Amino acid sequence: MENSNQPSADLLCSLAEEIGPFYIVGGCVRDMLMSQLYRRYKKRPIDIDIAVESSIETIREKIQKGFFSNREEMTLTFFWKGLSIDLVSLNGIPIEKELLRRDLTINSMGLPCPTAFSSRKNGRDSEGTIRYEDVIDPTGGWPDLYAKTLRCADENNLIDDPVRMVRVFRFQGEFGFEIEDLTFQWINRHAPTIRSVAKERVERELEKLFATPFYLKALRELKKTRLFGELFPLLTQPLDFRHQDRHHFGESIFDHSLRVISGCGSDPILRWAGLFHDAGKQSAVSHQSNTAEERTAHYYRHEEKSVEIFQAIAKDWGLPKKIAEPVEKIIRHHMVPIGSQKAIKKLSFLFRDAEAYNRFFKFVQADKRATHPAFLESDEGKAHGEIVKAVRRMLPKIARCERLFSGDTLLSLGLRPSPAFKSLIDYFMKKAMERDFDVSKQTARKMIESALRFRERYERLYFKKTEYRRKLEYYIDGEIIGVLEENEELTVQTEIFLYRFVPEAILSEALQGKKPLLFFSLSP
């Protein structure tokens, strides 16, 4: 029976009937062989790299498909019966020579199609396995696959494309294989060349690395090389710093970080946070003498230093916001007092949805367990768990309050979008938190009217028992400068803003030298 983790022979052969003979190369061959060697390996290739001896123009003529060009890789991509096909022309180069150029030996194998599958089509191979004699293997990839070894066949392959050095560790994270010694030496030797690569390519490899099953092993090995310092230049010394307090038993920041990461599961966001969360301790360390004989180290506000280091590296490699923002938030707040219901409740609307909230406290607990393995079973840990559960039950109320105090609500008052919206929403959410987020629609409306000094409609300003009508307002650095229909000069301090109304004739003078943003206008 054909291995269900491999593309079917019939499917591949039908493609050969359309475009002519071709070679399956790279990761697809590797995955097909791994599914034979290691029965637990269940990855089914859906992206297939193929090499053809004919020109790409010839292929375009033979098959009526939409193609996507990749000028950087000189490939064409098209879709075929559920498969994504990346096609490259050999341009007269022997297939063996093309395979010799690839990153690792396990990715340097090829299968001729339909030749390699003819035995299946004729029914002589009931198992649907790939035979060694059918594999084009100029670098010894099959033996390396069997030996679980990552090996680069030629030092020049790393020199030609330095991003392959990062890719070696990404594959180690993917499969858990060992890196061959000479390949490891080459990576060390050429590590500085990684800076010559477009940062987007490096970032993509790092993103993949942080999502791999054997990430911890790959990170440990990467840390042993100069490449780690090139990828994370601000991180090397901070991670080598050894704790000087009683609780961490003198372990390095790196060893502690690995313990934290191991307790975070497979979430890439938590892995990024784990690697950076204590990076600021080296620059934040201070000592205090409790007795004449005992001195204790403290790391006050080290989380802020850690955020700075992470931000610099995230900017350096162009880490996407979907990763950078939640990681920064976790690092910045991971020192939340675990026994304070007020502090945890305050964070509940910072991590407003259940997924973000649960992720954050999974990290906090992993950090505690990295130093105190029995933390969750301790009295302190149990009390912390109950507080977290109690606040978690508030999340639906928080979501409801978000809707009551949303940007749409502010727009419905006639306000124009501006940075003031964030200040307003944060203010109302904090007021709602004081009520444990038990806020009705009517109560929310009264809170907004009270904070912005109006009744029923925003243009009706109430101040000292007098009603005025707002005509035009601008928002400038936390202050509102406007004009009343009564054309009076008036200063109103509210819970959020200072309103300064001036006669319309001098409005331009009041705004001079500033960059006003329209906040409200009676005109459409």
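Residues numbered from 1 in each chain as written. Predicted model: local features only at pLDDT ≥ 70, side-chain atom pairs only at ≥ 80, totals over all residues. Heavy atoms only, no water.

Visitor: Could you give an account of helix α9 (residues 181-190), with specific residues and numbers?
Guide: Burial in α9 covers these residues: T183, F184, W186, I187 and H190. Angularly, the buried residues of α9 cover 160° about the axis, an arc narrow enough to put them on a single face. Those residues of α9 hidden inside the fold are in contact with β7 (149-150), α7 (155-160), α8 (163-175), β8 (178-179), α11 (215-223) and α12 (226-231). (Buried < 20%, exposed > 50% of the residue type's maximum accessible area, 1.4 Å probe, protein only. Helix = DSSP H or I, 4+ residues; strand = E, 2+ residues; numbered from the N terminus. Arc of directions from axis to C-beta. Contact = heavy atoms within 4.5 Å.)

Visitor: Report on the side chain of S521, specifying residues and quantitative values.
Guide: Topologically, S521 is positioned in strand β17 (residues 517-521). Exposure remark for S521: the relative accessible area of 12% places this residue in the buried category. The contacts of S521, once residues within four sequence positions are left out, are R416, K471 and L472.

Visitor: Report on the packing of aromatic side chains, specifying residues and quantitative values.
Guide: Enumeration according to the criterion identifies 23 aromatic pairs in this entry. Considering the side-chain rings of Y458 and F520, the 5.0 Å spacing of their centres and the 65° angle between planes classify their relative orientation as edge-to-face. Linking Y458 in strand β12 (residues 457-463) with F520 in strand β17, this pair joins segments that are 62 residues apart in sequence. A single burial state applies to Y458 and to F520, both of which are buried. Where Y499 meets F501, the ring centres are 5.8 Å apart and the plane angle is 10°; that geometry is what we call stacked. For Y499, a relative accessible area of 0% translates into the label buried. By the ring-pair criterion, three or more aromatic residues cluster together here, those being F454, Y458, Y475, F497, Y499, F501, F519 and F520. (Phe/Tyr/Trp six-rings, centres within 6.5 Å; stacked < 30°, edge-to-face > 60°.)

Visitor: Please give an account of the packing of α8 against α9 that cites residues and values.
Guide: Contact geometry of α8 with α9 gives a least axis separation of 10 Å together with a crossing angle of 140°. When the axis of α8 is compared with that of α9, the two are oblique. The way α8 lies across α9 gives a crossing that is left-handed. On α9, the residues that touch M165, V168 and F169 of α8 are F184, I187 and H190. Of the residues in the contact of α8 with α9, the class split is five nonpolar, one polar and no charged. (Axes fitted to C-alpha atoms, helices over the stretch in contact; angles between N-to-C directions. Parallel < 35°, antiparallel > 145°, perpendicular 65-115°, else oblique. Left-handed = near helix turned anticlockwise from the far one by under 90°. Nonpolar A, V, L, I, M, F, W, Y, C, P; charged D, E, K, R; others polar.)

Visitor: Describe the pattern of salt bridges, naming the residues involved and giving the relevant values.
Guide: A side chain with one charge can pair with a side chain of the opposite charge if their charged atoms come near. Summed over all chains, the structure comprises 33 salt bridges. A salt bridge links R131 to D134, with the nearest nitrogen and oxygen atoms 2.9 Å apart. What makes R131 partly exposed here is its relative accessible area of 34%. The shortest N-O distance in the salt bridge between R167 and E205 comes to 3.3 Å. Residue R167 is located in helix α8, and its partner E205 is located in helix α10 (residues 199-209); the two are separated by 38 residues in the primary sequence. The network of salt bridges with common partners includes D103, R167, R170 and E205. (Salt bridge = Lys/Arg side-chain N within 4 Å of Asp/Glu carboxyl O.)

Visitor: Lay out the side chain of R460 with the relevant residues and their values.
Guide: Locating R460 in the fold gives a position in strand β12. Classification of R460 as buried rests on a relative accessible area of 15%. Within polar-contact distance, the side chain of R460 engages the side chain of E467 at 3.3 Å. Setting aside anything within four residues of it in sequence, one finds R460 in contact with R453, F454, R455, E467, Y468 and R470. (Polar contact = N/O pair within 3.5 Å; in protein donor to acceptor, adjacent residues only side chain to side chain.)

Visitor: Explain the environment of Y299 to me, using residue names and the numbers behind them.
Guide: Tracing the backbone through its elements, the reader meets Y299 in the loop between β10 (295-298) and α17 (302-317). Separated by 67 residues in the primary sequence, Y299 and A366 place their C-alpha atoms 19 Å from one another. In this structure the side chain of Y299 is engaged in a polar contact, spanning 2.9 Å, whose partner is the backbone nitrogen of Q244.

Visitor: Lay out the packing of α17 against helix α18 (residues 321-333) in plain terms, naming residues and giving numbers.
Guide: Between α17 and α18, the shortest axis-to-axis distance is 8 Å and the interhelical angle comes to 165°. In terms of orientation, α17 lies roughly antiparallel with respect to α18. As α17 packs across α18, the resulting crossing turns out to be right-handed. Across the interface between the two elements, E303, E304, S306, V307, F310, Q311 and A314 from α17 touch A324, V327, E328, I331 and R332 from α18. Of the residues assigned to the contact of α17 with α18, the class counts are six nonpolar, two polar and four charged.

Visitor: Go over the pairing of strand β4 (residues 75-80) with me, naming the residues and quoting the values.
Guide: For β4, the buried fraction is high: five of the six residues fall into the buried class. Bridging between β4 and strand β5 (residues 83-89) involves five bridges; their strand directions are antiparallel. Pairing of F79 across the sheet is with S84, part of β5. Connecting β4 to the next strand, β5, in antiparallel fashion are two residues, including K81 with a positive phi near 50°. (Pairing = 2+ DSSP bridges.)

Visitor: Tell me what's going on with the pairing of strand β14 (residues 479-484), and back it up with residues and numbers.
Guide: The buried fraction of β14 amounts to six of the six residues, a majority that puts the element mostly inside the structure. Pairing of strand β13 (residues 466-476) with β14 involves six bridges; the strand directions are antiparallel. Bridge pairing in β14 links L472 to V483. Between the end of β13 and the start of β14, which pair antiparallel, lie two residues, with D477 showing a positive phi angle near 50°. Sheet analysis places β14 next to strand β16 (residues 498-501), joined by four bridges and oriented parallel.

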